[in-house]
Amino acid sequence: MALSMAAKDSSWWVFTLPAFIGSETLVDQYVIFSILSAMVSLALVTWAFSPGGTAWKNGRNRNGAVPILGPRGLPLFGSLFTLSRGLAHRSLASLASSMNAKQLMAFSLGSTPVVVASDPQSAKEILTSPHFADRPIKQSARSLMFSRAIGFAPNGTYWRQLRRIAASHLFSPRRIAAHEPGRQKDCAAMLRNIESEQTLRGSVSLRRHLQDASLNNIMGSVFGKRYDTAHDSDELNELREMVREGFELLGAFNFSDYLPWLSCFYDPFGIVSRCESLVPRVRKLVNGIIEQHRMKKNKSENVSDVSDFVDEMIFRGTDTTALLTEWVMAELVLHPEVQAKLRDELDSKAAAAFTDADLAALPYLQAVVKETLRVHPPGPLLSWARLSTSDVQLSNGMVVPAATTAMVNMWAITHDSAVWSDPLEFKPERFLAALGGADVDVRGGDLRLAPFGAGRRVCPGKNLGMATVALWVAKLVRQFEWVEDKAAPVDLSEVLKLSCEMKYPLSAVAVNRNTVVEAIVAKLQPIREFIKTDEQDRYQRVTACLNQTRILLRTT
Ligand code: HEM
């Protein structure tokens, strides 16, 4: 009996340790100091012997034939400060390149082990592996109750059901085509508002117009509800404010996601309380819309279930399309020759209504959008990471252990000179098949340019996103000549939130083409066409001259 008690007593060392170290009790300053020093030394030794940082202790990055290398970062914090400040995609790209770890680099974010792929082959293996079909969930997403939404629900029956509903009811080619008249209407309203701002201010700040059109496009496609800026201003303002807040909360870098113990006493951005106050506002608005919709259709859907899954679409879909179009327009202002070529292509289809099918058949327009996705991928780190659910062996001999967060640095791939020649130059021609350019499927089929991700968690809104951006760019360029605003020159600096957007919103002069000047230029068109058949060089000079005349006539 006594023996068995002795065997069970695991606290013996509390009484014996003071005797060994010559102290009265354990709560002696000297003892506390010794224990702390021992712990710190142990942490330092673990850190020093763990390439990739402390989250990779016990040789977790050496499970395969080839080890996964990476920076140690700081003890306890790992590479948290590298990612929390500045532009994480650029810092990670230069680290991976300098450590010769483009295929896969290991690093620690606090206690979280992370790998990042900056190479098309390893990116493909990660994104398309069924063992990387989960996502780590951030505190903000959990507080916004997105653990039941498509983007964060764990891979399983419930998530598959959501994807199926989204694929057939929201994003099927038939549904996207059915919403085309709505998209055209939003676009026409945007063009009118741009015209008014240009007349009033002499230049246009494009972001607000794109965000409004985008919000209406998502609300129309997902909820069947469109807003009229003149009549619904209160609800629209509330919605705009909620989208801004949700986007900021989801994109904020939260130290507590990686150092869970920190959340008890450090929440400088007030993420938890801000999420708590946002949730009921979103619920009220979304449930109201669904209720109206249900009454109109006289259907008995379960409002709460639908709301859980569509809330997220507003945050996910709104800004991505708007900010991608802003990048396209910024590049067109900086490259008037590309803008002129695009306009030529659009003018050659002057009679077209620019349906989705018309736009998909315009190679230069598609090339301009692809080149912008390459130079400015909206999610340079594909926004939301993946989580491994078991040990995964890659074809290069590396093994990623279970419960590792995996990222793909799409920005690093699209800016790698081994993948794309002259990666820093904006050259849509690289995508023109007729000129021997790359025929790349940007919807996840080719990891040299996969801005929508790939595999089973690929973006379900990719077709809607591409159709919308192509329509807006086509209409913006056909109706206006976009000229640099001398008072606010284009600045391509980036800021990384949930997506990567222009740090300084684009401002440009939008010169309406439907003027008498256009009529004159149109009269000159046959001369230009005649020369084209005659001599290519002279044709190009005349085209440039005509474009100059057009701008001069308009701006004087
Ligand atoms: C230019 C526009 C867009 C870009 C660049 C974009 C990009 C992305 C990326 C990179 C992912 C992660 C994919 C992965 O992990 O492999 C994603 C996921 C997602 N996107 Fe998009 N997106 C766009 C538009 C949209 C739109 C319009 C919607 C909806 C209306 C949408 C809804 C979603 C959702 C729900 C997910 C999560 C999917 C899942 O985890 O199963 N996106 N998007």
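Word for word, the UniProt comment on the protein chain under Cofactor (unreviewed entry) is "heme". According to its UniProt record, the protein chain has this under Subcellular location (unreviewed entry): "Membrane".

Q: It is not clear to me how the overall build of the protein chain should be interpreted in this structure. Could you clarify?
A: Helix and strand content of the protein chain: 21 helices and 11 strands. The burial tally for the protein chain puts 39% of its 556 residues in the buried class. Across the protein chain, contacts joining residues at least 24 apart in sequence account for 69% of those joining residues at least 6 apart.

Q: Quick question: what am I supposed to make of the pairing of strand E7 (residues 405-408) here?
A: Within a regular strand, the side chains alternate between the two sheet faces. Neither face of E7 is left uncovered, since the one carrying Thr-405 and Met-407 and the one carrying Ala-406 and Val-408 both have all their residues buried. Judged from the four bridges that link them, strand E2 (residues 112-117) and E7 form a sheet pairing that is parallel. Considered in E7, the bridge of Val-115 is made with Ala-406.

Q: Just to check I follow, could you spell out the sheet that holds strand E8 (residues 480-484) for this structure?
A: Backbone-to-backbone hydrogen bonds join strands into a sheet, with any given pair of strands oriented parallel or antiparallel. Read from one edge to the other, the open sheet built from three strands follows the order E3-E11-E8, with strand pairing classed as antiparallel. Of all the strands in the sheet, the pair left with one neighbour each is strand E3 (204-205) and E8. Sheet analysis places E3 next to strand E11 (residues 507-512), joined by two bridges and oriented antiparallel. For Ser-205, the partnering residue across the bridge sits in E11 and is Ser-507.

Q: Quick question: what am I supposed to make of helix H15 (residues 336-347) here?
A: Residues spaced three or four apart along an α-helix face the same direction, because each turn holds 3.6 residues. Taking 1.5 Å per residue as the helical rise, H15 with its 12 residues ought to reach 16 Å, and the 16 Å between its terminal C-alpha atoms agrees with that figure. Residues Gln-339, Leu-342, Arg-343 and Leu-346 constitute the buried set of H15. Down the axis of H15, the smallest arc covering the buried residues is 100 degrees, so these residues share one side.

Q: Even after reading the chapter, I still don't get the site of the ligand, so can you show me in this structure?
A: Taken together, 29 residues sit near the ligand, with Gly-317, Gly-453, Cys-459, Gly-461 and Gly-465 positioned nearest. Taken together, the elements giving at least two residues each to the shell around the ligand come down to helix H14 (303-334) and helix H19 (462-479). Counting residues per element, the shell around the ligand draws most heavily on H14, which supplies seven residues. In terms of residue class, the shell around the ligand is built from 15 nonpolar, 10 polar and four charged.

Q: What's the story with the nonpolar core in this structure? I'm lost.
A: The nonpolar side chains of a soluble globular protein tend to be buried with one another. With 119 residues, the main nonpolar core has Met-105, Val-115, Val-328, Met-329, Leu-365, Ala-470 and Val-473 as its most contacted residues. Per-element tally for this core: the top contributor is H14, with 12 residues. Other than its neighbours up to four places away in sequence, Met-105 contacts Leu-69, Gly-70, Leu-95, Ala-96, Met-99, Val-115 and Val-116.

Q: What's the story with the packing of helix H17 (residues 363-375) against H19 in this structure? I'm lost.
A: Packed helix pairs are characterised by how far apart their axes lie and by the angle those axes make with each other. The contact between H17 and H19 brings their axes to 10 Å, and the two run at 115 degrees. Considering the angle they form, H17 stands roughly perpendicular to H19. Crossing handedness for the pair H17 and H19: right-handed. Listed contacts from H19 to Leu-365, Val-368 and Val-369 of H17 are Val-469, Ala-470, Val-473 and Ala-474.

Q: When you look at the sheet that holds strand E4 (residues 386-387) in this model, what are you seeing that I'm missing?
A: One open sheet holds the four strands; their spatial order is E1-E2-E7-E4, and the pairing between them is mixed. Edge strands, defined here as strands with exactly one partner in the open sheet, are strand E1 (105-109) and E4. Here E4 runs beside E7; their pairing, made up of two bridges, is antiparallel. When the bridges of E7 are listed, Arg-386 appears paired with Ala-406.

Q: Can you walk me through unusual backbone geometry in this structure?
A: Note on backbone geometry: most residues besides glycine have negative phi, and most peptide bonds are trans. Despite not being glycine, Asn-58 shows a phi value in the positive range, around 60 degrees. With respect to the secondary-structure elements, Asn-58 resides in the loop between helix H3 (29-48) and helix H4 (80-84). Residue classification places Asn-58 among the exposed positions, given that 9 C-beta atoms sit within 10 Å. Although it is not a glycine, Ala-403 adopts a positive phi angle of roughly 65 degrees.

Quick notes on the rules
- Residues numbered from 1 in each chain as written.
- Predicted model: local features only at pLDDT ≥ 70, side-chain atom pairs only at ≥ 80, totals over all residues.
- UniProt positions renumbered as here; feature names shortened; annotations may be inferred.
- Helix = DSSP H or I, 4+ residues; strand = E, 2+ residues; numbered from the N terminus.
- Buried ≥ 20, exposed ≤ 12 C-beta atoms within 10 Å, placed from the backbone.
- Contact = placed C-beta atoms within 7 Å.
- Pairing = 2+ DSSP bridges.
- Expected span 1.5 Å × (residues − 1).
- Arc of directions from axis to C-beta.
- Near = placed C-beta within 6 Å.
- Nonpolar A, V, L, I, M, F, W, Y, C, P; charged D, E, K, R; others polar.
- Core = buried A, V, L, I, M, F, W, Y, C linked by C-beta atoms within 7 Å.
- Axes fitted to C-alpha atoms, helices over the stretch in contact; angles between N-to-C directions.
- Parallel < 35°, antiparallel > 145°, perpendicular 65-115°, else oblique.
- Left-handed = near helix turned anticlockwise from the far one by under 90°.

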